[in-house]
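# Summary of structural features
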Amino acid sequence: MTRRSIAITGAGAGIGRATARAFLEAGWDVTLLGRRAALLEETAAGQSARILTCDVGDPDQVAAAFAAMPRLDVLFNNAGISAPAAPIDEIPVDQWLEVSRTNITGMFLCARAAFGLMRHQDPQGGRIINNGSISAHVPRPGSAPYTMSKHAVTGLTRTLGLDGRAYNIACAQIDIGNALTDMAAAFPKGVRQADGQVRVEPVMDVDHVARMVLHMADLPLEVNTPFVTIMARDMPYLGRG
């Protein structure tokens, strides 16, 4: 039996790296996508993986990367960046454009390429898992670019979840809170809250996220988890604001 295949964007670090290693250990055929080949090689850590350098915000690079995949069962549409917290009138326009290029355009381009592969391959179908965020539900102070981008991801997930039905394509979203990656490194030291105070926030091991993505990917295509939230239990989410 042919091994099931997954492509993971932003696989050079953080959530992407942890998830890639979980799928490699589970015996999947794994394609790693990212801008820097050296980081992707570090992720693979000597295991057999397809390494494809790709800037997800570049349409030509995305098209070339997905054309190199013989088959695709799952896309973990993970690549994303954030921006320093600030009031919206202090956020440089170039910073907004950089965030939207990766978090919105990049998500769209990779989902578009994966959808096309899954729609036309035989047997037809597959699963797209978008990396959302708790910010897709409630924002942090000064997070307009990132929060806007993650609301856009939710719109993409809902639309593909509908449009994919005709082609045996499922689409899901994982909203993550306080997984300990470089992006969350400040949380154990203190983060500004909605009331203006700075407080330490609990974090969780990123491997919990990787195992959740693996569980989502293992489901049969007639089953979907449209929205899954995984978070450090005591982080200020349910009582945020």
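Our subject is the structure that appears above.
Here's a quick rundown of the structure. (Residues numbered from 1 in each chain as written. Predicted model: local features only at pLDDT ≥ 70, side-chain atom pairs only at ≥ 80, totals over all residues. Heavy atoms only, no water.)

### Description of the environment of proline 87
When you line up the elements, proline 87 lands in the loop between strand S4 (74-77) and helix H4 (93-120). Measuring from C-alpha to C-alpha, the distance between proline 87 and serine 133 comes to 20 Å, with 46 residues separating the pair along the chain. (Helix = DSSP H or I, 4+ residues; strand = E, 2+ residues; numbered from the N terminus.)

### Some details on the sheet that holds S4
Spatial strand order, S3-S2-S1-S4-S5-S6-S9: seven strands in an open sheet with parallel pairing. Strands at the two margins of the open sheet, each flanked by one partner only, are strand S3 (50-53) and strand S9 (227-231). The average angle at which neighbouring strand axes cross in this sheet is 20°, direction not considered. Bridge count between S4 and strand S5 (residues 126-131): four bridges; the pairing is parallel. In the sheet register, leucine 75 faces S5, and the bridge partner there is isoleucine 128. Contacts between H4 and the sheet are confined to strand S1 (5-9), S4, S5 and strand S6 (169-177), with S4 contributing the most and set at about 175° to the helix. (Pairing = 2+ DSSP bridges. Axes fitted to C-alpha atoms, helices over the stretch in contact; angles between N-to-C directions. Contact = heavy atoms within 4.5 Å.)

### Some remarks on the pairing of S5
The side chains of a regular strand alternate between both faces of the sheet. Burial analysis of S5 places six of its six residues in the buried class, which makes it a mostly covered element. Here S5 shows two buried faces, one formed by Gly126, Ile128 and Asn130 and the other by Arg127, Ile129 and Asn131. For the crossover that starts at S4, traverses H4 and ends in the parallel S5, the hand is right-handed. Bridge analysis of S5 against S6 gives six bridges, and the strand direction is parallel. Residue pairing across strands places isoleucine 129 opposite alanine 172, the latter belonging to S6. Handedness of the crossover joining S5 and S6 through helix H5 (residues 144-163) is recorded here as right-handed. (Buried < 20%, exposed > 50% of the residue type's maximum accessible area, 1.4 Å probe, protein only. Right-handed = clockwise from strand over helix to strand, strands pointing away.)

### Thoughts on unusual backbone geometry
A cis geometry characterises the amide bond from aspartate 122 onward to proline 123, with omega recorded as 0°. Positioned with a positive phi, asparagine 178 is a non-glycine residue whose angle comes to about 65°. Here asparagine 178 lies in the loop between S6 and strand S7 (191-192). Exposure remark for asparagine 178: the relative accessible area of 6% places this residue in the buried category.

### Quick word on the nonpolar core
With 35 residues, the main nonpolar core has Ile174 and Val209 as its most contacted residues. Mapped onto this core, the elements with two or more residues apiece are S1, helix H1 (14-25), strand S2 (29-34), helix H2 (37-44), S4, S6, helix H6 (207-218) and S9. In this view, valine 209 contacts Ile15, Ile174, Ile176, Ala179, Met204 and Ile230; residues no more than four positions away in its chain are not counted. Counting 25 residues, the second-largest nonpolar core is a separate cluster that includes Leu72, Met107, Ala111 and Val153. (Core = buried A, V, L, I, M, F, W, Y, C linked by side-chain atoms within 4.5 Å.)

### Details of the environment of methionine 204
Checked against the element boundaries, methionine 204 lands in the loop between strand S8 (198-199) and H6. Residue methionine 204 is classed as buried on the basis of its relative accessible area of 10%. Contact partners of methionine 204, with chain neighbours within four places excluded, come to Ile176, Gly177, Asn178, Ala179, Leu180, Val209, Ile230, Met231 and Ala232.

### Some thoughts on the pattern of salt bridges
Under the counting rule described, the total for this entry stands at eight salt bridges. Note that aspartate 29 is salt-bridged to arginine 50, the shortest N-O span being 3.7 Å. One end of the pair, aspartate 29, is in strand S2; the other, arginine 50, is in strand S3, and 21 residues separate them in sequence. Judged by its relative accessible area of 25%, arginine 50 is partly exposed. Between aspartate 73 and arginine 71 there is a salt bridge, with the nearest N and O atoms lying 3.0 Å from each other. Assessed through its relative accessible area of 24%, arginine 71 is described here as partly exposed. (Salt bridge = Lys/Arg side-chain N within 4 Å of Asp/Glu carboxyl O.)

### Side note on the side chain of threonine 154
Tracing the backbone through its elements, the reader meets threonine 154 in helix H5. Discounting residues that sit within four places of it in the chain, threonine 154 has contacts with Ala136, Gln173 and Phe227.

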